[in-house]
Number of protein chains: 2
Amino acid sequence: MYSSSANVSERAVAAPTLAISTVIFALRPSESSGRPTLWIPLVRRIREPFKDLWALPGGPLTHNESLQDAASRNLRETTGLAPSYVEQLYAFGGLHRSPTQRVVSIVYWALVQPTEAALADESENVKWFRADKVGELAFDHNAIVDYALWRLRNKLAYGSVAYHFLGEYFTLAEVREVYEAVLDTRLDPANFGRQLKSTPEIEETGEYLQGGKHRPPRLYRFTGRPGLDPDNRSTP
Amino acid sequence: MYSSSANVSERAVAAPTLAISTVIFALRPSESSGRPTLWIPLVRRIREPFKDLWALPGGPLTHNESLQDAASRNLRETTGLAPSYVEQLYAFGGLHRSPTQRVVSIVYWALVQPTEAALADESENVKWFRADKVGELAFDHNAIVDYALWRLRNKLAYGSVAYHFLGEYFTLAEVREVYEAVLDTRLDPANFGRQLKSTPEIEETGEYLQGGKHRPPRLYRFTGRPGLDPDNRSTP
DNA sequence: GCAAAAGTGTTACACGTACACCCATGC
DNA sequence: GCATGGGTGTACGTGTAACACTTTTGC
């Protein structure tokens, strides 16, 4: 394939297994406070190695799908969900990730909306965990979850991912709740609202959210495209 | 390997080829202005597909090396250089990257110091190009180079990569030249110097660079660690 | 009317930018 | 002495943080 001075004969021997895994984030109300918090779904391993430990959903890459399609597919297959945002996280290829075999995992992270997340499949072998309390996971999946969390927080602070946790219409308070949940801080509603309204990707609709207990907040819409990474770049 | 509801029998069929490629950046004086500019080494393809076109150096992943080691190795093999900085860029896995075969490329980017870059191997089949004037490359390598450039500029602006283009000791003006070359702007020497001196990772030495035409500038040293990505995290 | 959330106004401060100025060296 | 790059001082503008204040709804 590539011209290279490497020993070409080695290639056939090596051929590490290639797998795709996904860290799926959704906001769900905390059991205690009721405020939204970050959750991720994990699958129980049904064979060795790491039998009975929890692991990230994942699977092989099939021949006729792109990497991102493979991530979306195994997300749908394990949780029944359609993600609103998918981005590549990292390719993990350390030598001893799996005790039995050399595996290179290309890991994605995804966001799903809470309306969807509510009707997600949950079973004996698929369960949702609070992202900061996952316990001991199979393989190097604890490190992967940590890194995904770090990336999510980063993207939220500097990018425009927050809206993918929400539906098409949302109030400023809902966006603020997303930030507060993910970054684990409290934000000044006044300043936060002004900042959002000054970003060109946020569009003010004429609608108001009715049925609340207090003054009805205005509804907004997000009109931006997510991506700067190669998979999403071409989308105009 | 992974528990998954995917059709396990498909895996054996699929098995796309896995390759490692690297975008190697070095600063070299421009032919015209003499000011430093960004260059990258490319290798000429000696077979189909894309025979005779230039491509990124790359090769297979061998069994007993990590992804990053593979990147460093093929960097050394094509250019004879030891990189001062290596970071994973992205895993490219589109279906039609190569017309003949399904290939997933895990791409790294690297920086080498100009002292090293000066003695880099150059031959009929390995040549250095200005990063912004590479012409038409094989596969999707133009897109990859563009993305690597974007990342480098980003990391330079927000991170602390600049020092890896330089030796252990450097003057503030040298760092400024790196920024000016990569970001293609002019920066105010006064403000730039103050900013650098206020970053805790920059250490002022007692030494001065002698032999210049004018007032000898103070020499500085960088005392930070590069990384926040998984490969470099554990390094204490 | 009162509680609570939506939304506006105002001020202080940190930080980046622009630019005038002084310092030290080679020729 | 003078040209040139190294280095300091200082004023201005922009954006964020803090917080007082007004508005609008449900009960």
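Residues numbered from 1 in each chain as written. Chains lettered and ligands numbered in written order. Predicted model: local features only at pLDDT ≥ 70, side-chain atom pairs only at ≥ 80, totals over all residues. Heavy atoms only, no water.

### A closer look at the overall build of chain A
When helices and strands are tallied, chain A shows seven helices and 10 strands. The proportion of buried residues among the 236 residues of chain A is 52%. Summarising the internal contacts of chain A: among those between residues at least 6 apart in sequence, 61% fall at separations of at least 24. Only carbon and sulfur atoms are counted for the fraction: they give 50% of the accessible area of chain A, which is about 11,300 Å². (Helix = DSSP H or I, 4+ residues; strand = E, 2+ residues; numbered from the N terminus. Buried < 20%, exposed > 50% of the residue type's maximum accessible area, 1.4 Å probe, protein only. Contact = heavy atoms within 4.5 Å. Areas by Shrake-Rupley, 256 points an atom, 1.4 Å probe, with all protein chains shown as cover.)

### Description of the interface of chain B and chain A
Taken together, the contact between chain B and chain A spans 58 residues of the former and 57 residues of the latter. Summed over both partners, the interface of chain B with chain A buries about 4,900 Å², with 63% contributed by carbon and sulfur atoms. In this structure, the connection of chain B to chain A is made through zero salt bridges. Examining the composition of the side of chain B that touches chain A, we find that five residues originate from one element, strand S6 (residues 103-111) of chain B, more than from any other. Of the residues assigned to the side of chain B that touches chain A, the class counts are 26 nonpolar, 18 polar and 14 charged. (Buried area = accessible area lost by both parts, 1.4 Å probe. Salt bridge = Lys/Arg side-chain N within 4 Å of Asp/Glu carboxyl O. Nonpolar A, V, L, I, M, F, W, Y, C, P; charged D, E, K, R; others polar.)

### Description of the packing of helix H5 (residues 172-183) of chain B against helix H6 (residues 189-198) of chain B
All names here are of chain B. Viewed as axis vectors pointing N to C, H5 and H6 meet at an angle of 105 degrees, and their least axial separation amounts to 10 Å. With respect to H6, the axis of H5 lies roughly perpendicular. Contacts from Leu-172, Val-175, Arg-176 and Tyr-179 of H5 reach H6 at Pro-189, Phe-192, Gly-193, Leu-196 and Lys-197. Among the residues forming the contact of H5 with H6, the class breakdown is six nonpolar, one polar and two charged. (Axes fitted to C-alpha atoms, helices over the stretch in contact; angles between N-to-C directions. Parallel < 35°, antiparallel > 145°, perpendicular 65-115°, else oblique.)

### Points about helix H2 (residues 67-79) of chain B
Residues and elements named next belong to chain B. Its 13 residues place the ends of H2 18 Å apart at the C-alpha level, agreeing with the 18 Å of an ideal helix rising 1.5 Å per residue. Summarising burial for H2: 10 of the 13 residues are buried, a large majority. Within H2, the full set of buried residues consists of Leu-67, Gln-68, Ala-70, Ala-71, Ser-72, Arg-73, Asn-74, Leu-75, Thr-78 and Thr-79. Looking one or two residues beyond H2, the residue adopting positive phi is Gly-80, at roughly 80 degrees. (Expected span 1.5 Å × (residues − 1).)

### Here we look at the confidence of the model for chain A
Parts of the model with low pLDDT should not have their predicted coordinates read in detail. Residues and elements named next belong to chain A. Per-residue confidence for chain A averages 87 on the pLDDT scale, and 91% of its residues sit at or above 70. No element of chain A has a lower mean pLDDT than helix H1 (residues 9-14), at 45, and none a higher one than strand S3 (residues 54-55), at 98. Confidence drops under pLDDT 50 across residues 1-12; counting only partners more than four residues distant or on other chains, this segment forms 33 contacts. (pLDDT = per-residue confidence, 0-100.)

### Some remarks on the relation of the copies chain B and chain A
Overlay of chain B on chain A (RMSD 0.1 Å): rotation 180 degrees, translation along the axis 0.0 Å. What the superposition gives is, in effect, a two-fold axis relating one chain to the other. Both copies present the same face, since 97% of the interface residues in chain B are matched by interface residues at the equivalent positions in chain A. (Least-squares fit on C-alpha atoms with pLDDT ≥ 70 in both.)

### Some words on the packing of helix H4 (residues 141-158) of chain B against H5 of chain B
Residue and element names in this part refer to chain B. Relative orientation of the contacting elements H4 and H5 amounts to 145 degrees, with a least axis distance of 10 Å. Where H4 crosses over H5, the handedness of that crossing is left-handed. Every residue of H5 that contacts H4 at Leu-152, Arg-153 and Leu-156 is listed here: Val-178, Tyr-179, Val-182 and Leu-183. For the contact of H4 with H5, the residue count by class is six nonpolar, no polar and one charged. (Left-handed = near helix turned anticlockwise from the far one by under 90°.)

### Observations regarding the domain arrangement of chain A
All names here are of chain A. Partitioning chain A into domains gives domain 1 (16-157) and domain 2 (168-233). Centre-to-centre, using C-alpha coordinates, domain 1 lies 26 Å away from domain 2. Between domain 1 and domain 2, the residue contacts involve 15 residues of the former and 13 residues of the latter. The contact between domain 1 and domain 2 buries some 1,200 Å² in all, and 58% of this surface belongs to carbon and sulfur atoms. Linking domain 1 with domain 2 are one salt bridge, by the criterion used here. The partner of Arg-35 in a salt bridge is Glu-180, and the shortest N-O contact between them spans 3.2 Å. Our enumeration of links across domain 1 and domain 2 arrives at three residue pairs in polar contact (both at pLDDT 80 or more). If you list the elements that add at least two residues to the side of domain 1 that touches domain 2, you get strand S2 (36-44), strand S5 (85-92) and helix H4 (141-158). (Domains from an automatic or database assignment. Polar contact = N/O pair within 3.5 Å; in protein donor to acceptor, adjacent residues only side chain to side chain.)

### Observations concerning the protein's contact with DNA strand D
Taken together, 19 residues lie around DNA strand D, and Asn-191, Lys-213 and Arg-215 of chain A together with Arg-194 and Lys-197 of chain B are the ones closest in. Within 4 Å of the protein, atoms of DNA strand D come from sugar and phosphate in 56% of cases. Lys-213 of chain A is positioned with one of its backbone polar atoms (N or O) 2.5 Å from a sugar or linking oxygen of DNA strand D. Taking Lys-197 of chain B, its side chain carries an N or O atom lying 2.8 Å from a phosphate oxygen of DNA strand D. Of all the secondary-structure elements, those providing two or more residues to the surface near DNA strand D are helix H6 (189-198) of chain A together with H5 and H6 of chain B. With four residues, the single largest contributor to the surface near DNA strand D is H6 of chain A. Class assignment for the residues of the surface near DNA strand D results in five nonpolar, five polar and nine charged. (Near = heavy atom within 4 Å.)

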